[in-house]
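Examination of the molecular architecture
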Amino acid sequence: MQPQYHQGVVPGAAPGHYPPPPGGYHPQQPYNPQQQMGMPPSGPGGPLKPPGPAQGPPGAAPMPQYHQPPFQNGMHPATSPAGPPNTQFPPRGPAPPQPQGQGQPPLTNQMAGLSLSGPPTQQHAMAPQMGQQPPWSPQGPPQQMGPPPPGAQPPPHVSQPPQPGMPPRPGMPPQQPYVNGSSAPPQMPPHGGMQPPPGHYQPPQGSMPPMPGAQPPSMGGMPPPGGMMPPKMGQPPMGPPGAHMASPSGPMPPPGQQMQPPPGAGMAGPQGYQQGQMPPRPGFPPQPQMDPYGRPMPQQPAYQQQPQQSKRLDPDQMPSPIQHAMPGQFSGDLINVFEQVMAEDEKAKGGIFYTNQRGAVPPLVTTSFVTVDQGNAGPRYIRSTMYNVPATIDMMKQTSIPFGLMISPFAEQAPEELPPPIVDFGEMGPVRCIRCKAYMSPLMQFVDGGRRFHCLLCKATSEVPAEYFQHLDHTGQRVDRLERPELSLGTYEYVATADYCRNNTFPKPPAIVFLIDVSYNNVKSGMVHLLCREMKNIIHNLPIDVGQEKSNMKVGFITYGSAVNFYNIKGTLAQPKMLSVGDVNDMFMPLLDGFLCEPGESEEIIDSLMEQIPTMFAESRETETILAPAIQAGLEALKASGCAGKLLVFHSSLPIAEAPGKLKNRDDRKLLGTEKEKTILCPQNTFYNNLGQECVLGGVSVDLFLLNNSYVDLATIGQVSRLTGGQIYKYTYFQADVDGPRLIADVTHNVSRHVAFDSIMRIRTSTGVRPTDFYGHYFMSNTTDMELAAIDSDRAVAIEVKHDDKLTEEEGVFIQVALLYTSVGGQRRLRILNLALKTCTQMADLYRSCDLDTIVNFLAKQAMFKILDNTPKAVKDNLVSRCAQMLACYRKNCASPSSAGQLILPECMKLLPLYANCLLKSDALSGGSDITIDDRSFNMAAVLTMDVLSSLAYFYPRLLPVHDLDPDQHTLPQPIRCSSDKLRDDGVFLLENGIVMFLWVGSAVSQEWTHNVFGDHHVAKVEIDPTSLPVFDNPTSKRLRQVIDLVRMQRPRSMKMAIVPQRDKLEMLVKRFLVEDRGVDGSASYVDFLCHMHKEIRNLLT
C-alpha cells in the first residue's frame, strides 16, 4: 500500500498548527510514488478531512463562528471558508455537505452617500425623509434658512415625535440623545424584503433640507417602496436599498444648538450658486430663498455678500485602508462611522484560508492568514485581479477591469505553512498531457477506469502510463488521490529528468561572483574596505538546499577599474593569485581552475584575499571606469565552469573609459515630466541589452549595487538586470560609516534568500483565454516562455490574460504555471502552480470577486512599460479614464437607481480612487525635475519587481505613531492615515514605504521622551541623518528601536532612516510621501481627486 499523503488539520488540533506528514515522509524530501511503505489508512472512511473553523473534537466546547457580510469579497453567506478537501476539480460525485453557520445571523453590508457640499450651516439640521437619501449634489450646497417674515403664521402643529436636530415642539418632550452619543438616529436596517446591492458601497454624505411643500422628514435609512421612480429636480433623491447616511462633520449637535460650519466652510457650490439659492428648473425662473416654514426670505443687497471659501470635505469620511478613531469616539465605542478595509478583512478572513473553493477571493496581503493547500495554489504564490472571469469579451471591455495574474513562485511562507512537496518519478519523468503538455495536476479527470485522463486545459484525452495506473473509486476519483501531492495540492515540485536540462546534462551547483569596482570613488568612500571586512560573514549565509547540511554554492571574486583582475582562491594554494586582463576589448577567462571554490574549502585563502584587496588599491586614483567588460568577465568565468549563477556588481560611476559599453553623459533632469522624458528614460544604446541577453542564455543573473555620487545612466546599464531577472540597489553619496550597515544587510539578504537559477516559466490556460502581455524583469525569445536567469522570494512578475473565445459558466477558467529551474543545490526541478477560477455572465458577480491590491500592482507595472513609449500625460489620462470606467460601469449596471450626484463605489473597489491617485503621484510615474534621472529609473525598476505587499506599502506609505509606545508590547502600533492632519506637534511618527524611512519629531514633544531616545533635551540638536538610533538602557529607547527593527524585517530592502524635526528643511521630503494631502508639486489631494473621479464618472454616464 502506498504511503498516505495528507495535508490539513486533524480534529482537535489548534488553529494554525498542523500535524507532520505520515512517518518516514518529509514534504521537502523527494517523494517516490513507486515505494511501498504499508501504512494503514487514517480512518474507516478514508483519509482524514480538515474540519471547518467551527468544528472541534467530540465533546469539546464549540469553537467561535465568524460570520461574513453577504457577498463579502465574493463569498455567499452560505459558503464556509473551510470545506472538505478539494471538491472542485470538478465534482465527480455528490458534494459533501458544507458546515452550517451557527450563532448570530450574517451582518448586512452597510452603505452611505457622500455630499460634496458639506454639512448644512447656520441652521438646524433635519433628518431626511424616510426612504430618501441626500445626494452628492453638483447643484450647490443646501439652502440657508432664516426666520419667518413678520406677520407670517407657522404651519399647524402635527403630532409627531421630535426630529433629529430639531428643537422640541409644543407639547412634546425634549429629544434625548441616542445611545451612540449623538443626536443622529441610529442606523436603520433595510426595509423588509429589501437587500443591499451586492458589494455596494457609498461614502457618507451630509443631509439636504427638504424643499417647500415636502412632507415632514422622518428617520432616514429606509428604502422607498418598490417601483418608486427617481426624484425630480429640486426634490430630495431616494437612496438605494440598504443605504444609510452620516454627516461628514461627525455627530449632530444637541437640541437647541445650531450646526456650526467647519473651518473654511463656505457658501459657493460647485456650479456657482450661492448658499440658499437653488438652480432654476428648466423653463422656470430662479426660486427665492425659503425659510423652514416654506416662505420666501427677504433678499439681501449684493454689496452685503461676503466672499466665501468653497466647502471642504472631511478627509476622515473618505474610504481608507487604515482603521482609525473618528472625532468624539473612544476605545470602547463599537459604532464606527466608517468601515475600514484592512481591519474588516482581518476580522472576516484572518486565520486559516482553505484553497478548496474554486474562485474564492483570498484575504488581503495585509491580513494575517495561514494557507491550507487543498487543490489551488496559495495566494502568496499567485493572485488574480479577478476570481470570477467574465464569459464574454464584451463584458471585459465594458468593465475595463484587467484580467491579470501576479506570480511570485518562491514567495516566503508563513511559519505554520508546509513547504511544497517534491515528487520524484525517476526516469519516467512527470506525467503530461499529450496535446498542451500540461503537467499532471488536480485539473485532470481520469476516465475509462483510470487508464486515461482528460485535460481540463485543452480538453484532450491522454493515456495513463502503466507505471502510473491506479483504480478509481465510486466517485470517479483515483483511490490514491490524497496520497499523491500532484493530485491533491495546488503547489508542488517535480524532479526533472535529463530531458529538461541544457544539452541533456544535469547542471552543477550554481555560483556567486562578486565584481568589485576598486576605483577612486569606492576606495575613498570606504566601500572596498567595508565589503572585504564583512565578506566572511556574507558568504557564510549562502542558501542550503533541501536535504543538504551545507551549501553547495561556490564563490569567485573579480576587481576592476580600467582593467579586469581575476583571483585564484584554490584551497591548496599558500596565497591567492591575481591574473589581470588589460585588453578589455577582447575579454577572455585566463583562469580555468581555482576561480570558483566552496567557501569552506578555501576559507583561509579567501580571508587572505580580503585583507590584501584594500591594501592593493588603497592608492588608486582611477576615476574613469569600465563596466561592460567586467560583466563579460563574470559571464565568461561562469560559462567556463559550466554552471549558472549570479553576478553581484558593486559599481560607482558612469562608464566613460574607452572600452565596450562606454556611455555619454545625458543628465538633463529638466526633461522629466515632459513629453521628451522617454528620451532619457530609455537606454541610449543597445549594448547592455545585448549583454543582458547573452547572460540569460548562460543562465547568469546580474544584480547591481550602485554607490554613485553623480549620474550613472541607470536607464541604460540597468537593462542588464532587467533582462536577466536581477535586482537594483542604490546608495547615493555612499559613506561607509553611515550607509555601511544598510549595504551589508542588503548583500547578506540577497545571497541568503531562496533563489532559483536558469529558470524558464510558461503559463498555460484553459481554452477561451490566453496570456498575451508580460511585465517584470525577464527576457522572452518567443511568445510563450519567460526566461529568468534568476528569480527569488522577493520578486514577482505580472501576466495579462485576454479572451480569444466565449466562456461558459459551467467550465470555468483553469491556469497552470510551470517553472523549470536549477536549485541552489544543483538539482533541476519543476515548480507547478494551479489555479481554478469561476466564470460569470453578470457584472455584479465580477465586482464581488476583484482583488484591488492586485489590480493596482498590475496597473502600476503596465504603466512602467507604457511610460517608455508614450507621453506622461497620455499614460496618466489613460489610467484615470480606465479607473473611471470601472466605477461607472458598476454604477450603471449593478447599483440601484439613485441621484446622479451620488458617488457609488463597489465594495471591493472603494479604495480604487485613493490608490489611483497614489500611483499618479508616485516617483515611479510622476517623478519630475525634483528628483534625479537615476532615482526615477530606480523607482521604475523597483515597481516592476515588487510583489503585491511591497507595492501596497510603496504607493500608500505606512505612518506609525511612536511617541506613546507601550513598553510591554512587542508588535507594531496601529498605523494611521497618511496625511499631515494626523501629525501632532507633541508627537513622533515613523513613515516608511519600503524604500525610504523617516522619523518625524514634533516641535512640542516632551523633553523626557527626547532625552530617553536621543540623549538630548532639544530636538533641534538631533542629528538629521543617522541610520540608527543611539542605544540607551531605558524602556522608551528599547521599544522604539524594536519597532524600527520590525519594520525593516518586513521589507526586502534595508531602508535608510532620516530623523526630521518639525519645520526642518527636510520636512518637504516627508510631505512628498503624505499621499492623502495635496502634493508639493501641486498634485491633487485624495479628496480633490475623489471629486475629479466623480466628475469623470458622471461624464461617462451622461
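It should be emphasised that the depicted structure is a prediction, and the values quoted were computed from it without experimental measurement.

**Let's talk about the side chain of Gln1062**
- Secondary-structure assignment places Gln1062 in the loop between strand 32 (1056-1061) and helix 22 (1067-1072).
- Separated by 2.8 Å, the side chain of Gln1062 and the backbone nitrogen of Ser1003 make a polar contact.

**Some thoughts on the sheet that holds strand 7 (residues 382-384)**
- Read from one edge of the open sheet, 4 strands run 7-9-25-23, paired in antiparallel fashion. Strands with a single pairing partner mark the edges of an open sheet, and in this sheet they are strand 7 and strand 23 (769-775). Pairwise comparison of adjacent strand axes, ignoring direction, gives a mean angle of 25 degrees for this sheet.
- In the sheet, strand 7 pairs with strand 9 (residues 404-407) via 3 bridges, with the strands oriented antiparallel. Its bridge partner lying in strand 9, Ile382 is registered against Ile407.

**A word on the confidence of the model for the protein**
- Averaged over the protein, the pLDDT score is 77; the fraction of residues at 70 or greater is 69%.
- Considering only residues more than four positions removed or in separate chains, one finds that residues 1-310, a stretch of pLDDT under 50, has 587 contacts.
- Contacts for the low-pLDDT stretch residues 324-339, under 50 throughout, to residues beyond four places or in other chains number 24 contacts.

**Quick word on the packing of helix 14 (residues 852-866) against helix 18 (residues 933-945)**
- For the pair helix 14 and helix 18, interaxial distance at closest approach is 9 Å and the crossing angle is 135 degrees. The angle between helix 14 and helix 18 falls in the class oblique. Viewed along their axes, helix 14 and helix 18 form a crossing whose handedness is left-handed. For the pair formed by helix 14 and helix 18, the contact residues are Ala860, Lys861, Met864 and Phe865 on the first element and Met940, Val943, Leu944 and Thr945 on the second.

**Thoughts on unusual backbone geometry**
- The phi torsion at Asp713 lies on the positive side, around 55 degrees, for a residue other than glycine.
- Tracing the backbone through its elements, the reader meets Asp713 in the loop between strand 20 (700-706) and helix 10 (714-717).
- Judged by relative accessible area, which is 0%, Asp713 ranks as buried.
- Despite not being glycine, Tyr733 shows a phi value in the positive range, around 55 degrees.
- Tracing the sequence through the fold places Tyr733 in the loop between strand 21 (728-730) and helix 12 (736-752).

**What about the sheet that holds strand 12 (residues 452-455)?**
- Taking strand neighbours across the sheet as the criterion, the 3 strands line up as 11-12-13 in an open arrangement whose pairing is antiparallel. Both edges of this open sheet fall to strand 11 (444-447) and strand 13 (461-463), since each of them pairs with a single strand only. The average angle at which neighbouring strand axes cross in this sheet is 30 degrees, direction not considered.
- Sheet topology note: the strand 11/strand 12 ladder contains 4 bridges and is antiparallel. Bridge pairing in strand 12 links Phe446 to Phe453.

**Regarding the nonpolar core**
- In this structure, Phe403, Ile407, Ile763 and Met909 are the most contacted members of the largest nonpolar core, which totals 168 residues.
- Among the elements that take part in this core, helix 15 (residues 872-893) stands out by supplying 10 residues, more than any other.
- Apart from the residues within four sequence positions on either side, Met909 is in contact with Ile401, Tyr847, Cys850, Leu852, Ile855, Met886 and Leu887.
- Counting residues in each nonpolar core, the second largest holds 41 residues, with Met553, Ile613, Phe705 and Val755 among its members.

Reading guide: rules and limits
Residues numbered from 1 in each chain as written. Predicted model: local features only at pLDDT ≥ 70, side-chain atom pairs only at ≥ 80, totals over all residues. Heavy atoms only, no water. Helix = DSSP H or I, 4+ residues; strand = E, 2+ residues; numbered from the N terminus. Polar contact = N/O pair within 3.5 Å; in protein donor to acceptor, adjacent residues only side chain to side chain. Pairing = 2+ DSSP bridges. Axes fitted to C-alpha atoms, helices over the stretch in contact; angles between N-to-C directions. pLDDT = per-residue confidence, 0-100. Contact = heavy atoms within 4.5 Å. Parallel < 35°, antiparallel > 145°, perpendicular 65-115°, else oblique. Left-handed = near helix turned anticlockwise from the far one by under 90°. Buried < 20%, exposed > 50% of the residue type's maximum accessible area, 1.4 Å probe, protein only. Core = buried A, V, L, I, M, F, W, Y, C linked by side-chain atoms within 4.5 Å.

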